[in-house]
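Architecture and fold: a report
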Amino acid sequence: MKRATQPPNDGPPRFAHWLLTRLHPENTLEEVEGDLDELYEYWYHRAGRTQATLRYVLNVLSVLPPFVLRRKQVKQQYEHPSSIHPVMIRNYLKIAFRNLQRNKGYTLINVAGLALSMTCGILIFTLVSHHLSYDNFHANADRIYRIVTEMHRDNIGYNHSVPSPLGKHFRNDYTFGEKVARIISVDDQLITLRNGTDFKKIKEEEGVAFTEPEFFDMFNFPLLEGDKKTALLEPNTAIMTERMAKKYFGDENPIGKTFWLNNRIVFRVTGILKDFPANTDRKNEIFVSYPTLKAYDSWLANDIDGWGGIRDGVECYIQLRPGISVAQVEGVMPAYVKKYRPTSKNVHHYKLQPLADVHFNAQYGGVMEKKNLWVLAIIGLFLLGTACVNFINLATAQALRRSKEVGVRKVLGGLKGQLFWQFISETGLITSIGVIVALGMAVLMLPVVNAFFHSQMTLNLFQNSRFVLFIVALGVAITFFAGSYPGLILAGFKPVVALKGKLSQQHIGGFNTRRTLIIAQFAISQVLIIGMLVIMYQMQYAKQADLGFDKAAIVMVPMGDDSTHTKMNALRNELLRIKGVEKVSVCYAAPASTSSWGNFVKVNNEETNFRTSIKSADDQYLSTFGLELAAGKNLFPADSAREFLVNEAFLRKLNIKSPEAAIGQLISANGGTMVAPIVGVVKDFHDASFHQEISPIIITTNKGYYSDYAIKLNTAQVKTTMAAIEKAWLEQHPDQLFAYQFVDESIAQFYETEDRILQLVEFFSLIAIFIGCLGLYGLMSFMAAQKTKEIGIRKVLGSSVSQILWIFGKEFSRLIGFAFLIAAPIAWWAMTNWLQGFQFHVQMEAWIFIVAIGGTLLIATLTIAYQATRAALVNPVKSLRSE
């Protein structure tokens, strides 16, 4: 008879084994199962598979009911304590400590992976819960709405502001609102404290807000000092937060103190507000009485003229009466458009926006869209999940080394449950260390995260019960998720097989699951890497592309408070005499700027249906910024609008084919206060970020609308030139603060959001790559343990080290290749959609994908190189003795 020479790798017949485990009495199952397994192996080697299978089946049948009766239950001499008995728990922890001390490298890798992912999880949880709590502390928050505007013209625009008179008219005309309040915010204001001849000047970036008293009836911002009903009734009164009062008046009682706004309007402090919480969108901390608006801006305060347009910062809030619906209120709004804007081609639609939507709706200036929060939450879950998977990979790879320990414990009476809890204890210990490390890292990183997101989040274990619950739930979930599978694998070892060291791949789980997980990890990593490369490419293009004008070494300096413009010409001449100043122009804004003066103009008395950007500037504007004429001539020096320049985009909107054909046509702008002919056409230049098309633009002289000096500098002596400019400016404006900004810096601000996204993608790419490398390391450990004998045999048969290394390299190259096939189309689709948000953008090119997979292969090679080389260099004698 032919005898089998190989061990029975596939084990006894599965069906017979299944019958045995299901039908044989439980109290003798383990010993019968072990005996039959040994007998099967013996028969296999003596008589072959067929005879072994037949005998195994017959023996299994012989030990099933009714052939075998249940043994009478006898009381065990020694009772097994419960698996979660305190004595057992102490034993679990003691063994766990010993195992972790013995395997320091394994412990370090697992703690690092879990701690890193949990740090991200903690920070993301803090960020998400912080943003979801914005302005949810106001009473009746569910009935508070902000009126916003849809502007229907050649396209639809969205603005969180409304015409300034709307709130007053709505309050007087309808009873839908229980409370109605207007608030007008003006940023970057100069606040001055005067004490005799001493001046204390402070630039207040958040500015002040002209506020109606009903605002503080509607919102929960407590007044600590003063009367809420009267504090803002009279003109020239103001209230401020405790922090602002401390900033301006120190320890003195601020009530009754005075301050000046832009050196023009004096205010008396009549109340002090409690400092605002961090989770509110209200940034102003100085509120001045609404009746004073007339002295600050008569157009905004005018109840008729104010309907003519929308100024940023004008907000109107309504607290609806119970039972009033949004549709009822929005249904009466068109009447205001018909009454006050009957002929305008910019048709307003006034809508109600819930207070809960204000923080999240990007169309109306919301700072954080909810979809971004959910994306962050998913990334956090992914990081936690992959860290757990890597933990499982490493733990099951380690299981081979612990087989004899498990066998001995089982022989000595250890139960499956006890072994399972033993491994759960070890996982819990590693997770606990990881949680402590993660909390420390989260505390250290929180200031960076706050600076990045411009937030004021805090981590306080002792005051935030929700956060405590999250930490506990996180630790328990990771312990059971990461520890259960390895625990069940270890507890399921058969003592005979374990003690003989004959555990096979079948006993500790197959490769395919691990391969799938590694592919998923690297697919996500490559999506992030491709995304990062595309964003970097687009940012480089946006910052280095030709904008159509010169932005280098041009500094914008505000004109200061010079309402009569008497100092303008004197200072301009003074600036031109400074060494290092090449050109000076006075203007409303630089060619590309966040300041935009939109208008609907008439051409030859025909009103256009598109928004036109007006840039008021003198005759030096073109030469200072290097703008080029396509036809006609430059503006003639003048103090009012005598001539217009237009850009090529303006002609395209009017369907004028030739620049020369536009010369001489009559433009009426700014409500008819500017009427003049076109004398020249400027070549197109980018007036905003690459997200937007080039706007139709008109340029004209009008000194009443100049607000900045544009100064072209010689780059060889910028520092000394700026000092001289500051000195000259302060001589003309001694009561004001000097400020400036370079044009290229202001243009870079267009892409702050993209820069922030790029930094986030870079960060998460690094985390994903790191965790992916941990996964590779785990799989490499698993493969090295599995292939020890194979490597020994190959080396004995003459394989070189490089051939052994290729065994591992081939496996991982295949995995990364599969990952790339999944990642490439996903990344292409996602980044193509992202680029659609730019009117001017780069193309998805092949080198981006080549760099992504090449970089991934390099990182993977570095990760597995040490273990693969060590496995390849092991003495084959030792390898062959290992089993």
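These figures come from a predicted structure and were not determined experimentally.

Moving on, we come to the overall build of the protein chain. A count of helices and strands for the protein chain gives 30 helices and 26 strands. Its C-alpha radius of gyration of 38 Å places the protein chain more than 25% over the 29 Å reference for a compact globule of 883 residues. Reported as C-alpha extents along the three principal axes, the dimensions of the protein chain are approximately 115 × 65 × 55 Å. Sorting the 883 residues of the protein chain into buried and exposed places 49% on the buried side. Counting contacts in the protein chain only where the partners sit at least 6 residues apart, residues at least 24 apart contribute 79% of the total.

In this structure, Met-118, Ile-122 and Phe-391 are the most contacted members of the largest nonpolar core, which totals 58 residues. Only helix 4 (86–102), helix 5 (104–132), helix 14 (370–399), helix 16 (416–453), helix 17 (465–491) and helix 26 (752–786) provide two or more residues apiece to this core. The greatest single-element share of this core, amounting to 14 residues, is contributed by helix 16. Ignoring sequence-local partners within four residues, the contact set of Met-118 consists of Leu-384, Thr-431, Gly-434, Val-435, Ala-438, Leu-474 and Ile-478. Core analysis: the second largest hydrophobic core is formed by 50 residues, Met-532, Val-679, Phe-820 and Ala-824 among them.

With that settled, consider the pattern of salt bridges. Here the structure, examined in full by the defined rule, presents 22 salt bridges. For Glu-315, the salt bridge goes to Arg-282, with nearest N and O atoms at 3.3 Å. Taken together, the residues span a long stretch of sequence, with Glu-315 in strand 12 (residues 314–320) and Arg-282 in the loop between strand 10 (265–273) and strand 11 (286–289) at a distance of 33 residues. The burial state of Glu-315 is the same as that of Arg-282; both residues are buried. For Arg-652, the salt bridge identified is with Asp-684, shortest N-O distance 2.8 Å. A residue pair is termed long-range when its members are at least 10 positions apart, and Arg-652 in helix 22 (residues 648–653) and Asp-684 in the loop between strand 23 (674–682) and strand 24 (697–700) qualify at 32 residues. Among the charged side chains, a network of salt bridges with common partners joins Arg-143, Glu-178 and Lys-179.

Let's shift gears to helix 28 (residues 801–835). Its 35 residues place the ends of helix 28 47 Å apart at the C-alpha level, agreeing with the 51 Å of an ideal helix rising 1.5 Å per residue. At Ala-823, helix 28 is deflected by roughly 25 degrees, the largest bend along its length, and proline Pro-825 occurs up to four residues later in sequence.

Reading across the sheet, the four strands line up as 15-25-14-26 and stay open at both edges, with antiparallel pairing between neighbours. Two strands close off the open sheet at either side, each with one partner strand: strand 15 (581–587) and strand 26 (741–742). When strand 14 (residues 554–558) meets strand 25 (residues 708–713), the two strands line up antiparallel, connected through five bridges. Residue pairing in the sheet places Pro-558 in a bridge with Asp-708 of strand 25. Along the sheet, helix 20 (residues 568–576) makes contact with strand 15 and strand 25, crossing strand 15 at roughly 160 degrees. Sheet strands touched by helix 24 (residues 718–732): strand 14, strand 15, strand 25 and strand 26. Its angle to strand 25, the strand with the most contacts, is close to 150 degrees.

About the cut-offs
- Residues numbered from 1 in each chain as written.
- Predicted model: local features only at pLDDT ≥ 70, side-chain atom pairs only at ≥ 80, totals over all residues.
- Heavy atoms only, no water.
- Helix = DSSP H or I, 4+ residues; strand = E, 2+ residues; numbered from the N terminus.
- Rg over C-alpha atoms; globule rule 2.2 N^0.38 Å.
- Buried < 20%, exposed > 50% of the residue type's maximum accessible area, 1.4 Å probe, protein only.
- Contact = heavy atoms within 4.5 Å.
- Core = buried A, V, L, I, M, F, W, Y, C linked by side-chain atoms within 4.5 Å.
- Salt bridge = Lys/Arg side-chain N within 4 Å of Asp/Glu carboxyl O.
- Expected span 1.5 Å × (residues − 1).
- Bend = angle between axes of the 7 residues up to and from the residue.
- Pairing = 2+ DSSP bridges.
- Axes fitted to C-alpha atoms, helices over the stretch in contact; angles between N-to-C directions.

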